[in-house]
Amino acid sequence: MNPKSMGVVGAGIMGSGIAQVAAQSGLEVVVVDADEKRAKSAVDQIGLALGRLVAKEKISQADRDAAVSRLKVGKGLDDLAVLEFVVEAATERLDVKVDLFAKLDRILAPDVTLASNTSSISITRLGAATKRPDKVIGMHFMNPVPVMKLVEVVRGLATSDATVDEVVGLARRFGKTTVSTKDLPGFLVNRVLMPMINEGIYALMEGLGSPEEIDTAMRLGTNQPMGPLALADLIGLDTCLSIMEVLHTTFGDPKYRPCPILRHYVDAGWHGKKSGRGFYTYQ
Ligand code: NAD
């Protein structure tokens, strides 16, 4: 199927970015969140973000207005019933996602593909929560979605070739490059990235340097655009902790143990940029 409409479940950092690129690519988009105010705010923020692109002469006012007119806020999952594709971008928790996939499976037409933007949770497990495991797939966008070029396509044990083709085609319509990978914890990007970020947090705990020194060392020493602690703040420390926990519990290897400071910060509600405080403070 070449979908003309898309539901986005979860209107946080990632859901709003996914909704933006989908609307800009011509799809009718409905955004839902457990907190309806967040879905509304996400749609408002997309309008403002597209307005800034107009001001920078990156897109025309007409394109901005057309994209905004394709974005709707849904009150709940039932509002996604008529759509042709759904991507889930809710909080990185297995119980949350399993519950959502079981509910969405009952609501959506049987031929609709159900993708998850999860960073680490098993696609096979999410597929097993539905009666359409062949149509369940990982569509892992990078943050910030409108800027980052990669979509990791994750194939669960039962995902069909047709579903993989559909998602690769959709990602291309969004102007993204895809890499297909296996359904193992963290997939490809986070399997490599998260242990590096976690090690950066250990470096902080062990007093190897301040956040600024650790980030400067990694930026200038390894030619990365952002250091690991600034990147952790951008991703969200709660999300980083969830991913490390999935790696740690699934592989059972102590090399993936989450750094205690990461857990402390999450316990304190310091979730990084989105909460105003993480390794750095934000306005
Ligand atoms: P976030 O905390 O910014 O947003 C999560 C949203 O999900 C919140 O608005 C929350 O209200 C909503 N939500 C929670 N339970 C829900 C439910 N049952 N139904 C509907 N909405 C619900 O998180 P995020 O950073 O946008 O991450 C979302 C997903 O994307 C996670 O699976 C995460 O692992 C993945 N991801 C994140 C990044 C990143 O850099 N942050 C990158 C790639 C993938």
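Residues numbered from 1 in each chain as written. Predicted model: local features only at pLDDT ≥ 70, side-chain atom pairs only at ≥ 80, totals over all residues. Heavy atoms only, no water.

Participant: Help me understand the overall build of the protein chain, please; the structure alone is not making it clear to me.
Facilitator: A tally of regular secondary structure across the protein chain gives 11 helices and eight strands. Its C-alpha radius of gyration of 19 Å places the protein chain within 12% of the 19 Å reference for a compact globule of 283 residues. On the principal axes, the C-alpha backbone points of the protein chain span a range of 55 × 45 × 30 Å. Classification of the 283 residues of the protein chain by burial places 52% in the buried group. As displayed, the protein chain offers around 13200 Å² of accessible surface, 55% of which is attributable to carbon and sulfur atoms. Distance between charge centres in the protein chain, computed from 33 positive and 33 negative side chains, equals 2 Å. (Helix = DSSP H or I, 4+ residues; strand = E, 2+ residues; numbered from the N terminus. Rg over C-alpha atoms; globule rule 2.2 N^0.38 Å. Buried < 20%, exposed > 50% of the residue type's maximum accessible area, 1.4 Å probe, protein only. Areas by Shrake-Rupley, 256 points an atom, 1.4 Å probe, with all protein chains shown as cover. Lys, Arg positive; Asp, Glu negative; His and termini not counted. Charge placed at Lys NZ, Arg CZ, Asp CG, Glu CD.)

Participant: Even after reading the chapter, I still don't get the packing of aromatic side chains, so can you show me in this structure?
Facilitator: All chains considered together, the criterion is met by four aromatic pairs. Here the aromatic rings of Tyr 265 and Phe 279 are separated by 5.0 Å at their centres, their planes lie at 35°, and the arrangement is tilted. With a gap of 14 residues between them, Tyr 265 in helix α11 (residues 260-267) and Phe 279 in the segment after α11 connect regions that are remote in the sequence. Put simply, the rings of Tyr 265, Trp 270 and Phe 279 pair up and form one aromatic cluster. (Phe/Tyr/Trp six-rings, centres within 6.5 Å; stacked < 30°, edge-to-face > 60°.)

Participant: Before we go on, may I ask you to explain the nonpolar core in this structure?
Facilitator: Of all hydrophobic cores here, the largest spans 37 residues; its most connected members are Met 6, Val 29, Met 139, Phe 141 and Phe 174. Contributions of two or more residues to this core are made by β1 (5-9), α1 (13-24), β2 (28-32), α2 (36-55), β4 (85-88), β6 (136-141), β7 (150-155) and α6 (161-173). Excluding anything up to four places from it in sequence, Met 139 contacts Phe 85, Ala 115, Ser 116, Asn 117, Val 151, Glu 152, Val 167, Leu 170, Ala 171 and Phe 174. (Core = buried A, V, L, I, M, F, W, Y, C linked by side-chain atoms within 4.5 Å. Contact = heavy atoms within 4.5 Å.)

Participant: I keep staring at the site of the ligand and nothing clicks. Help me out?
Facilitator: Close contacts around the ligand come from 24 residues, with Asp 33, Glu 92, Lys 97, Ser 119 and Ile 235 the closest. Between the ligand and Ala 90, the relevant distance is 3.3 Å, taken from an oxygen atom to a main-chain nitrogen or oxygen of the residue. Between the ligand and the protein, one listed contact pairs an oxygen atom with a side-chain N or O atom of Ser 119 at 2.6 Å. Within the complex, 89% of the 850 Å² of free accessible area of the ligand lies under protein. Looking at the shell around the ligand, the elements with two or more residues in it are α1, α4 (94-107) and β6. A total of three residues in the shell around the ligand trace back to one element, the largest contributor, which is α4. Per-class residue counts for the shell around the ligand are 10 nonpolar, nine polar and five charged. Split by domain, the shell around the ligand shows at least three residues from each of two domains, domain 1 (5-182) and domain 2 (190-274). (Near = heavy atom within 4 Å. Polar contact = N/O pair within 3.5 Å; in protein donor to acceptor, adjacent residues only side chain to side chain. Nonpolar A, V, L, I, M, F, W, Y, C, P; charged D, E, K, R; others polar. Domains from an automatic or database assignment.)

Participant: Looking at this structure, how should I read the layout of surface pockets?
Facilitator: Where empty space is left in the structure can be found by rolling a water-sized probe over the atoms. Roughly 760 Å³ of volume is contained in the second largest pocket. Ser 16, Gln 20, Gln 45, Ala 49 and Arg 52 are, among the 22 residues lining the second largest pocket, the residues nearest its centre. Within the residue set of the lining of the second largest pocket, elements represented by two or more residues are α1 and α2. Looking at the lining of the second largest pocket residue by residue, the classes come out as 11 nonpolar, seven polar and four charged. (1 Å grid on protein atoms, 1.4 Å probe; cavity = no way out; pocket = protein on both sides within 12 Å on 5 of 7 lines; lining within 4 Å. Points joined across faces, edges and corners; volume = space filled by probe spheres on them.)

Participant: Mind showing me how you'd approach the pattern of salt bridges here?
Facilitator: A side chain of one charge can pair with a side chain of the opposite charge if their charged atoms are brought near each other. Tallied over the entire structure, the rule returns 11 salt bridges. A salt bridge links Arg 155 to Asp 161; the shortest N-O distance between them is 2.4 Å. Residue Asp 161 is classed as exposed on the basis of its relative accessible area, which comes to 51%. Linking Glu 245 and Arg 263 is a salt bridge whose minimum nitrogen-to-oxygen distance equals 2.6 Å. Here Glu 245, found in helix α10 (residues 237-251), pairs with Arg 263, found in helix α11; they are 18 residues apart in sequence, far enough to count as distant. Owing to a relative accessible area of 31%, Glu 245 belongs among the partly exposed residues under this scheme. (Salt bridge = Lys/Arg side-chain N within 4 Å of Asp/Glu carboxyl O.)

Participant: How should the domain arrangement of the protein chain be read in this particular structure?
Facilitator: Interface size is often expressed as the accessible area that is lost when the parts come together. Looking at the protein chain, the domain boundaries give domain 1 (5-182) and domain 2 (190-274). Domain 1 and domain 2 are separated by 26 Å when their C-alpha centres are compared. Summed over both partners, the interface of domain 1 with domain 2 comes to about 660 Å²; 60% of that surface belongs to carbon and sulfur atoms. Grouping the amino acids of the side of domain 1 that touches domain 2 by side-chain chemistry returns two nonpolar, four polar and one charged. (Buried area = accessible area lost by both parts, 1.4 Å probe.)

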